[in-house]
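Spelled out, the chains give:
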Amino acid sequence: MTRIITRGLKEDKDGIEGYIAHPDRAEKGPALLMIHQHSGLTGYLKTAAYKFAQLGYTAVVPNLYHMLGYPAEQHIDKGTEIQNKTPDPDFVRVIDRGWRYCLSRSDVDGARVGVVGYCMGGRLGIHFVAATPAARAFVAYYPSVRDEQPTKIRPRHPCDAAREIKCPSMILYGGHDQHSTFPVQQRVMESFHANGQSLEWHYFHFGYHGFASTESDGYNPYLADLVWPLVTEFLGRELIGPAL
């Protein structure tokens, strides 16, 4: 069995702050850039990164809040506040630093790198992937897209950005999502269809926002177990190949 290496990433050593899990290998392989939820880089995402590494991915999770000037090990109590006062383009800028770190690694095949976003990270991931045609696959767990007009903080609606994405995508939503209502979810779907790329859309009428996260009030263990093979099979087809 391949050994999995995990460690924190430090700006003074690695150029970014965050977390990484990867197989102990010399050859290049697929990778995932994981974009955290509003509560920051928490234990749930570290566990998810480890599980992806077990499948052969180098999984990189940048600590966006730390890189934006809010240094801390965790931001559970401050994440929403930081999100509400930080412009989306600033988030995309630091996500791009994580992307460039990922591509710079000797164990990463730059032609097989995807993006996985959760909640806030799903919404921001739409903007990032739209601006990054080198991304080969995109998965968004319940992206927190709302029915809102442009502002200085959020100058562009994610649905406008989604039309420019150049890779296959998978979107997962619950019917009881309190952030993205069903009409908003329909608009998101239409926007992804408009980009001309393949789309897997999964809607679970009994799901709440955060249904896959053990740290969320909406956590549903049955649904979390149900969607995991859907996600891994999709990523495997796009980044690894039929062998997965």
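Structure first, text after, so check above.
Now for a description of the structure that goes with this document. Fair warning: this is a prediction, and the values are worked out from it, not measured in the lab.

Rules of the game
- Residues numbered from 1 in each chain as written.
- Predicted model: local features only at pLDDT ≥ 70, side-chain atom pairs only at ≥ 80, totals over all residues.
- Heavy atoms only, no water.
- Pairing = 2+ DSSP bridges.
- Helix = DSSP H or I, 4+ residues; strand = E, 2+ residues; numbered from the N terminus.
- Axes fitted to C-alpha atoms, helices over the stretch in contact; angles between N-to-C directions.
- 1 Å grid on protein atoms, 1.4 Å probe; cavity = no way out; pocket = protein on both sides within 12 Å on 5 of 7 lines; lining within 4 Å.
- Points joined across faces, edges and corners; volume = space filled by probe spheres on them.
- Parallel < 35°, antiparallel > 145°, perpendicular 65-115°, else oblique.
- Contact = heavy atoms within 4.5 Å.
- Nonpolar A, V, L, I, M, F, W, Y, C, P; charged D, E, K, R; others polar.

### A few points about the sheet that holds strand S1 (residues 4-9)
Spatial strand order, S1-S2-S4-S3-S5-S6-S7-S8: 8 strands in an open sheet with mixed pairing. At either margin of the open sheet sits one strand with a lone partner, and together these are S1 and strand S8 (199-208). For this sheet, the mean inter-axis angle between neighbouring strands, taken without regard to orientation, is 15°. Bridge count for S1 against strand S2 (residues 18-23) is 6 bridges, and the pairing is antiparallel.

### Observations concerning the layout of surface pockets
Think of a ball as big as a water molecule: rolled over the atoms, this probe shows where empty space is left. In this structure, the largest pocket spans a volume of roughly 420 Å³. Lining the largest pocket are 23 residues, with His38, Ser39, Cys119, His179 and His209 sitting closest to its centre. With 3 residues, helix H4 (residues 79-85) is the largest single contributor of residues to the lining of the largest pocket. Counted as a void, the second largest pocket has a volume near 270 Å³.

### Looking at the environment of Asp109
Take Asp109: it is sitting in strand S5 (residues 108-118). Linking Asp109 and Ala59, residues 50 residues apart in sequence, is a C-alpha distance of 13 Å.

### A few points about the packing of helix H5 (residues 88-104) against helix H6 (residues 120-130)
Viewed as axis vectors pointing N to C, H5 and H6 meet at an angle of 80°, and their least axial separation amounts to 10 Å. Taken together, the axes of H5 and H6 lie roughly perpendicular to each other. Contacts from Asp88, Phe91, Val92, Ile95, Asp96 and Trp99 of H5 reach H6 at Met120, Arg123, Leu124, His127 and Phe128. Looking at the contact of H5 with H6 residue by residue, the class counts come to 7 nonpolar, 1 polar and 3 charged.

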